[in-house]
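# Working through the structure, step by step
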Amino acid sequence: MADRSKSGLEFGVLGPLQVLADGRQLVIGRKGMRGLLAMLVLEANRVVPIDEIVDSLWVDEPPATARTIVHGYVSRLRRMLEEADPAGSARILTTPPGYQLSVDPWRLDFHRARQLVSSARGKPAPIRAQLLRESLGLWRGQVLADVPGDPVTTDLEELRLAAVEERIEAELELGRHLELVGELRQLVTEYPFRERLVGHMMRALYRSGQRADALDAYQRFHRRVVDELGIDPGPGLRVLHEQVLRDDPALSSPGLAEPALVPPRPGVVVPAQLPAAATGFIGRDEELAWLDRLCDGRDPAATTIVVVNGAPGIGKSELAVTWGHRRAEQFPDGLLFASLNGFAPDRDPVEPAEVLARFLLALGVPADGVPRDLDDRVGLYRSVLAKRRVLVVLDDAWDPGHVRLLLPPGAGSVVLVTSRRRLESLVVSNGARMLTLDTLSDDEATRLVDEVAGKPLSDQEPAAVRKLVELCGNLPLALRIAAAKLVFSPEWTVEDLVAQLSDDQVRLRTLDLADTGVQRALAVSYRNLPPELADTFRAAGLVPGRWVSPHAIAAVCDIDLGTAAARLADLADAHLLVEQWRGGFVLHDLVRLYARGVVEDRECGLRRLMSHYLAACDHARRLIRPASDGLDFTGESTAPRPATSSQALSWFDKEWSNLIALVHAGSEVGLHEQVWQLVRLVHTYCVTRLVGREWHGIAEFGLASARVIGDRRGEMLVLHAMHDINNRAGALRGTLDQARLAHRIAVDLGEPRYLVMTLDQLALALVAEGRVEEALAHHREAVDLARRDGDALGEATVLNNLAQVEQRLGQRETAAQHQFLAMEIYHRNGDERAYAVAVNNLAELYAELGLLTEAEDHARQGVELARGGSMQFEEAFGRQVLGTVLAKRGERVAAQAELAESLRLFVRLGSPRAMLVRTALEALTSEV
């Protein structure tokens, strides 16, 4: 029941423009930035054209530099949002023809207000009034009061007024007419032409005994609309006027006082069927409080229904029974309980007719008075409870149709339904509220272990208890069984149990007892799945990473994407997995272990999954940089298709843990060719994001896989990928033997592009060993070979690296010429990332040559290119060069700002260049 809007960024327009970061208000800055941000927030997740932005910010003639000013505003807003929330809960994207704020709508106050108003419709009056009060509470004043210009917000003002009118209508239904008269007089004065407000005021006055004032309110409104608008009041208001004139009984207050309750028959015990509550109930404070609030605010003339749903073993029944005992005094006519056995492992589901018979007997109906026919039992049950207030707990439900037959008819009764399914149709047709249980927090889980064990194990063996909680996945049933095993076997320490649970092959068996257990509970859910969902569940268990996507399931099951998404949603409905974000489904660790145990052909499934990820990675890496290694897997139809470099990097970020796990899993089952190919494909991402330690782990698998099957090209491409990562990290010393081996393989293969790649690799390895002249010879040979073969990107890469060597030797003019050529080739061939690097390298060379104007221009261009393409390393390096140039020009304050931002980015990336920038910044600061 976590509130999504409590962490990260939140945006408010229902008042002065507001941005909160983890609840802390940010200072937005000048008027233009506020105006731009307001437009992006109001149009969140839609592109706002830059022409529209300019027209809005400058009502009169915009300046010639308007677009440049807008770019500057965007840069500062991006920096503000990134610094406030590095996790990126909201980002400003450059999306032609303008900009777009990408954000979860729940982080926008006006979206939450709309949702609350929408949720209120059709609810009982007490709930409706509360939801509408919550919505209106989000308004902090006039919409965008501090934003210049005239932002289009009429729909938000109409939303507020509609919410006010709906809230007043709900409170009139609750009989609060006396309290509303003053407020309505003020509202009608402020909004004299809103007929609905006038109607509300007439009703409130009439029900308060002020019939003459109600008629006067109508006459004044009638005169106003005739005189000023030339129209008559609407038909609804005219009918209300006639009702007041004739004292229509329908206008009387609804009088929602609780109906008189019929006491139980003399000599009949008030039913109290709840099972005994578990001793030492731990946690669930938020859920219990939510149930309390719902009970306290329920409609006394209706039945309140709550579906408590969640995964097997999550504690649904325990919560329902515990809350029922705590609030028993609220239900003077009885507590009814039935286990419907919807998911019982060794019992058939209980039919509604049988439950009704039990309930009727408990309510005092003699055995010979219980009807035989189901419909008659339902009718008698509803008649008996018509004016009684009871709590009904329907445990382990499967069929919403069965639940409906067991609902009491009103009088303020409450029904708690527990189920492994969401039973969403009860929400639609019966107005049920949904309470989904998650696993316990670490602290709650630890306390539960101590409680069941009967001693403070967390004090005696704190590290072991924390590991025990982790291995049980914070699942209450697993935690209770684990702690109980320590009670059964006092000679065991927590570390002994942890050692046994750490073995994935026996963990589920360890968490089973004779008549209950995690594996037994999951087996029931699995057996209840239809065949197609069982296939999908096994496929989800096959995916070795932390989460699974519809694309992956479509590939493994050989189905279309829409079907895969629908099946995953059905499994989420059965609480066998959780949709943690749109399209991202996660299996609890224990559920994953069970799913792996029922997988039928792991190698075949992993081969399909590998093919899917090869296609997806190949498509994504080509958006980051053009590919020239001869690998092409872009024909797979189910693979996701990001459209931009930034989207490709985001896809890799999200999938990275899955890709690592897939390399390991593929190696285990012998998919060696696909393993080395996948390692090669992800290296573009790793170079860009400076993923070092994790990369080296999977690179060794890739190299070993290529060697196991004798794939010389694969060995060479993985060696070259390892070189790229080492080069970016500044760690080429000691790699000369690998570079020589890669080049020997390329010579044997005889393919020119591979010779160019490995000659460049060999040259850079020689430079790292101080053998610069040899390196230059290899670089020049590589340039000639690339030109003869028409390998433009290979030529540019070698020229770029050759320029770096020449710069090191002090040959700056020659280096600048080669760097300029590389930059031009990158630009012509669409390698925007390499182009940004080359622009920054050229800026650095110009600075060393004393061409400070050219250096500053190129550095600023490099920074802008990097920011537009989500290239953090390139941006950091560009700012480093720009800071150095500005320092040389004597602009120390500006230089400090650029170097500080460069340092921040390098530190975030974990780059060793951070030390160089820190030294330069400290030197500049000491000079100042």
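In this text, all values refer to a predicted model and were calculated from it rather than measured experimentally. (Residues numbered from 1 in each chain as written. Predicted model: local features only at pLDDT ≥ 70, side-chain atom pairs only at ≥ 80, totals over all residues. Heavy atoms only, no water.)

### Here's the deal with the packing of aromatic side chains
A complete count under the given rule lists 12 aromatic pairs for this structure. Between Y526 and F537, the aromatic rings sit 5.7 Å apart at their centres with planes inclined by 40 degrees, giving tilted as the arrangement. In this pair, Y526 is assigned in helix α23 (residues 518-527) and F537 in helix α24 (residues 531-542), connecting sequence segments 11 residues apart. The class for F537 is buried, based on a relative accessible area of 1%. Ring centres of F873 and F906 lie 5.5 Å apart, and the angle between their planes is 70 degrees; this geometry places the pair in the edge-to-face category. Of this pair, F873 sits in helix α40 (residues 872-888) while F906 sits in helix α41 (residues 892-909); the two residues are 33 residues apart in sequence, bridging distant segments of the chain. Judged on exposure class, the residue F873 and its partner F906 are both buried. (Phe/Tyr/Trp six-rings, centres within 6.5 Å; stacked < 30°, edge-to-face > 60°. Helix = DSSP H or I, 4+ residues; strand = E, 2+ residues; numbered from the N terminus. Buried < 20%, exposed > 50% of the residue type's maximum accessible area, 1.4 Å probe, protein only.)

### What to know about the pairing of strand β7 (residues 304-309)
Counting buried residues in β7 gives six out of six residues, a clear majority hidden from the surface. Here β7 shows a buried face lined by T304, V306 and V308 and a second buried face lined by I305, V307 and N309. Sheet topology places β7 next to strand β10 (residues 414-419); six bridges connect them, and they run parallel. Residue pairing for β10: I305 is matched across the bridge by V415. Direction of pairing for β7 relative to strand β11 (residues 433-436): parallel, over a ladder of four bridges. Counterpart to V308 in the pairing with β11 is L435. (Pairing = 2+ DSSP bridges.)

### A closer look at a nonpolar patch on the surface
A cluster of nonpolar side chains, namely F193, L229 and I231, defines an oily patch on the protein surface of about 260 Å² accessible area. Checked against the element boundaries, I231 lands in the loop between α9 (211-229) and α10 (235-245). (Patch = residues over 30% accessible without salt bridge, like charges linked within 9 Å, V, L, I, M, F, W, Y side chains within 5 Å. Areas by Shrake-Rupley, 256 points an atom, 1.4 Å probe, with all protein chains shown as cover. Salt bridge = Lys/Arg side-chain N within 4 Å of Asp/Glu carboxyl O.)

### Considering the environment of I305
Along the chain, I305 falls in strand β7. Owing to a relative accessible area of 5%, I305 belongs among the buried residues under this scheme. Along the primary structure I305 and L437 are separated by 132 residues, whereas in three dimensions their C-alpha atoms are 16 Å apart.

### With respect to the nonpolar core
One finds F537, L678, V682 and W695 to be the most contacted residues of the largest nonpolar core, which totals 182 residues. Membership of the second largest hydrophobic core comes to 81 residues, among which are V41, L101, Y191 and A204. (Core = buried A, V, L, I, M, F, W, Y, C linked by side-chain atoms within 4.5 Å.)

### Topic: the sheet that holds strand β2 (residues 18-21)
Strand order in this open sheet of three strands is β1-β2-β3, and the pairing throughout is antiparallel. Edge positions in the open sheet fall to β1 (9-12) and β3 (24-25), since each of these has one partner strand only. Of the strand pairs in this sheet, β1 and β2 are connected by four bridges, and their pairing is antiparallel. Paired with F11 across the two strands is V19, which belongs to β2.

### As for helix α5 (residues 125-136)
With 12 residues, α5 should cover 16 Å at 1.5 Å per step; its first-to-last C-alpha distance of 16 Å lies within 8% of that length. Of all the positions in α5, only A125, P126, I127, R128, A129, L131, L132, S135 and L136 are classed as buried. Elements in contact with the buried residues of α5: α4 (109-120), α6 (154-173) and β11. (Expected span 1.5 Å × (residues − 1). Contact = heavy atoms within 4.5 Å.)

### Remarks on the confidence of the model for the chain
When the pLDDT values of the chain are averaged, the result is 88; 96% of them are 70 or greater. Mean pLDDT across the secondary structure elements of the chain bottoms out at helix α42 (residues 913-927), with 85, and peaks at β10, with 96. Between residues 1-5, whose pLDDT stays under 50, and residues either more than four places distant or in other chains, the model counts 10 contacts. Low pLDDT (under 50) marks residues 255-268, which in the prediction has 27 contacts with non-local residues, meaning those over four places away or in another chain. (pLDDT = per-residue confidence, 0-100.)

### Details of the packing of α40 against α41
Between α40 and α41, the least distance of the axes is 8 Å, while the angle of their chain directions is 155 degrees. As summarised for this structure, α40 and α41 are arranged roughly antiparallel, according to the angle between their axes. Note on packing geometry: the crossing formed by α40 with α41 is left-handed. Two secondary-structure elements touch here, α40 through Q872, F873, E875, A876, F877, R879, Q880, L882, G883, T884, L886 and A887 and α41 through A894, A895, E898, L899, E901, S902, L905, F906, R908 and L909. Broken down by class, the residue content of the contact of α40 with α41 amounts to 12 nonpolar, five polar and five charged. (Axes fitted to C-alpha atoms, helices over the stretch in contact; angles between N-to-C directions. Parallel < 35°, antiparallel > 145°, perpendicular 65-115°, else oblique. Left-handed = near helix turned anticlockwise from the far one by under 90°. Nonpolar A, V, L, I, M, F, W, Y, C, P; charged D, E, K, R; others polar.)

### Focus: unusual backbone geometry
For the peptide bond that leads from P96 to P97, omega is 10 degrees, which places it in the cis range. Residues other than glycine seldom take positive phi values, yet L144 does so here, at roughly 50 degrees. Position of L144 among the secondary structure elements: in the loop between α5 and α6. Looking at L144, the relative accessible area reads 3%, which means it is buried. Positive phi, close to 60 degrees, is recorded for D558, a residue that is not glycine. Summarising the element assignment, D558 is placed in the loop between α25 (550-557) and α26 (561-573).

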